[in-house]
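Residues per chain, in single letters:
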Amino acid sequence: MKMMDADKIYNESIETLKETGVRITPQRKAVLNYMIQSDEHPTADDIFKALSSEYPNMSVATVYNNLKLFKETGLVKELTYGDASSRFDFVTDTHYHIICSECGKITDFHYPGLNEVEQLAGAVTEYDVSHHRLEIYGLCPDCR
């Protein structure tokens, strides 16, 4: 992400938090900035490990609580893929994920929304469809 874009996104995200009455702490700013800068889909533990040397009073619980708050305000999405750890994604627009079967790395890819699949599934099953998720699995370039 370009630095100017990241700065703009960071400032807009801080404003979103302020508008919802959230206190802006140094730890909260650090977690938010990490999420904006990351192309990965980190766990709370990943973020903690990356920031703990700079913020020695930060705990994994602090990171998780901030991620939960960001999720509630719509800044991040929580991704669960069957393993024990949730991963978090700052990109909240419609996109899909490809996941490495070996190392678990998750990479975003964009493809036009599959809204017609939702409509067909609802029509065939009479479900009231709310959303969908597409996951593609394979070996990443590092694991091949």
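Refer to the structure above for everything that follows.
My aim in this report is to walk through the structure given alongside it, one point at a time. Keep in mind the model is a prediction, meaning the values are calculated, not measured. (Residues numbered from 1 in each chain as written. Predicted model: local features only at pLDDT ≥ 70, side-chain atom pairs only at ≥ 80, totals over all residues. Heavy atoms only, no water.)

1. As for the side chain of His95
Okay, step 1: If you trace the backbone, His95 turns up in the loop between β2 (87-89) and β3 (96-100).
Okay, step 2: A distance of 2.8 Å separates the side chain of His95 from the side chain of Asp89, its partner in a polar contact.
Okay, step 3: Here the side chain of His95 touches His97 through a polar contact of 3.2 Å, side chain to side chain. (Helix = DSSP H or I, 4+ residues; strand = E, 2+ residues; numbered from the N terminus. Polar contact = N/O pair within 3.5 Å; in protein donor to acceptor, adjacent residues only side chain to side chain.)

2. What about the sheet that holds strand β5 (residues 135-138)?
Two strands in a sheet stick together by hydrogen bonds in their backbones, pointing the same way (parallel) or opposite ways (antiparallel).
Okay, step 1: Spatial ordering of the open sheet is given by β4-β3-β5, a layout of 3 strands whose pairing is mixed. Since the sheet does not close on itself, it has two edges, and those belong to β4 (106-109) and β5, each with one partner. Here the average twist between neighbouring strands, direction ignored, is 25°.
Okay, step 2: Direction of pairing for β3 relative to β5: parallel, over a ladder of 4 bridges. Looking at the pairing, Ile98 lines up with Ile136 of β5. (Pairing = 2+ DSSP bridges. Axes fitted to C-alpha atoms, helices over the stretch in contact; angles between N-to-C directions.)

3. A closer look at the nonpolar core
Grouped burial of nonpolar side chains is what soluble globular proteins tend to show.
Okay, step 1: Val31, Leu32, Leu67 and Phe70 are the most contacted members of the largest nonpolar core, which totals 23 residues.
Okay, step 2: Counting residues per element, the ones that place at least two in this core are α1 (3-19), α2 (26-37), α3 (44-51) and α4 (60-72).
Okay, step 3: Sorting elements by how many residues they give to this core places α2 first, with 5 residues.
Okay, step 4: Excluding residues that lie within four positions of it along the chain, Leu32 makes contacts with Tyr10, Ser13, Ile14, Leu17, Phe70, Leu75 and Phe90. (Core = buried A, V, L, I, M, F, W, Y, C linked by side-chain atoms within 4.5 Å. Buried < 20%, exposed > 50% of the residue type's maximum accessible area, 1.4 Å probe, protein only. Contact = heavy atoms within 4.5 Å.)

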